[in-house]
Amino acid sequence: MYFCYLDESGAPQASAQTSHFVLLGVAIPALDWHAMDFRVGKIKREFDVEDAEIHTGYLARTYAAQAKIPDFEKLQHKDRRKLMHEARKESLSKAKATGNSRKYRLEKKLHAKTDAYIHLTHQERMNLLRTLADEIGNCGRIRLFADAIDKLALPTGRDAFEIAFEQIVSRFQRFLENQEQLSKRHRRGTEASLPDNHGLLIQDNNQTVAKNITSLMRRFHRTGTLWATCDRIIETPLFVDSTLTSMVQIADLCAYATRRFFENQEVDLFDRIYPRFERRGPSLVGLRHYVGARKCECKVCVDHKKKLKNSTGGK
């Protein structure tokens, strides 16, 4: 039994600022869940963010107020927090005094989203993300599945989220089928004919997509996706609170790292998790970079070209 935790990075709307939309799944055997959750919790404790949600986009930002506090990096965590709260309170007062309500709301939201991390320098926050990414990259039983869509390449009227979700479901289904075949090779008797691997999708509790994603999964159960049946994925996706579920936070980290690789060629985090994308032999099958008819020579697309050569006799 595998749990596959889903999260997205970037907005699926073509009008949004991000050039890419990424939907990603982190699949982990149910029997490994406790051990992985413990290791993630241990890393969070080491950085004094045990009770905080790992929201990678906010962790990776720079916080302007920190640069204005003398010798910030030499202070203890409690003193850093105290001074940051004072600096942010003053900053909010100034923003409110300008009468720019939008600026005030955005700054207030930023403060709320990043409050759990203000005791860490930018270097320390990045080290936290690197340590978590290394944990993922070194866990051989984790598998990643993702679809990265260049929104400019999408045909008019197509929905980026629906396309990406169908890709993830199909790749996860194929993975479960392949794992079952591998398992049966090591089994004997009538037991070998029984279905062995099943999977469950788990998504952050986002009400804006919950109804759509549930409807899509019900359709896939009835008719399959364009590429696969869905007899190994049970139920419709379960929705959980990401603030309380470490594995959804890990999916957030992986989705962010994947999008930043395609948009900004950032490799620091992406290269750490890249080995965990599903492969069959040398062929990358767990990650697709959709660019339409445009030619792309990123390493992901190059890996897919190698797969194409292998499957067509080297042509």
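Residues numbered from 1 in each chain as written. Predicted model: local features only at pLDDT ≥ 70, side-chain atom pairs only at ≥ 80, totals over all residues. Heavy atoms only, no water.

Caption draft 1: Geometry of the pairing of strand β3 (residues 143–150). Of all eight residues in β3, seven are buried, a share of seventy percent or more. Where strand β2 (residues 20–29) meets β3, eight bridges bridge the pair, whose relative direction is antiparallel. Bridged to Val26 within β3 is Leu144. Pairing of β3 with strand β8 (residues 287–290), which is carried by four bridges, proceeds in the parallel orientation. The residue bridging Ile149 from the neighbouring strand is Tyr290, located in β8. (Buried < 20%, exposed > 50% of the residue type's maximum accessible area, 1.4 Å probe, protein only. Helix = DSSP H or I, 4+ residues; strand = E, 2+ residues; numbered from the N terminus. Pairing = 2+ DSSP bridges.)

Caption draft 2: Structural context of the side chain of Thr121. Its location among the elements puts Thr121 in the loop between α5 (101–114) and α6 (122–137). For Thr121, a relative accessible area of 13% translates into the label buried. Residues contacting Thr121, with those up to four places away along its chain left out, are Gln66, Phe72, Glu73 and Arg80. (Contact = heavy atoms within 4.5 Å.)

Caption draft 3: Geometry of the environment of Glu162. One can find Glu162 in helix α7 (residues 160–184). Distance in space between the C-alpha atoms of Glu162 and Pro12 is 9.4 Å, their sequence separation being 150 residues. The residues contacting Glu162, other than those within four sequence positions of it, are Asn212 and Leu216.

Caption draft 4: Layout of unusual backbone geometry. Unusually for a residue other than glycine, Asp48 sits at a positive phi of about 60°. Residue classification places Asp48 among the partly exposed positions, given a relative accessible area of 42%. Phi at Gln265 takes a positive value of approximately 60°, unusual for a residue other than glycine. Tracing the backbone shows Gln265 in the loop between α9 (246–264) and α10 (270–273). In this structure Gln265 comes out as exposed when scored by relative accessible area, which is 56%.

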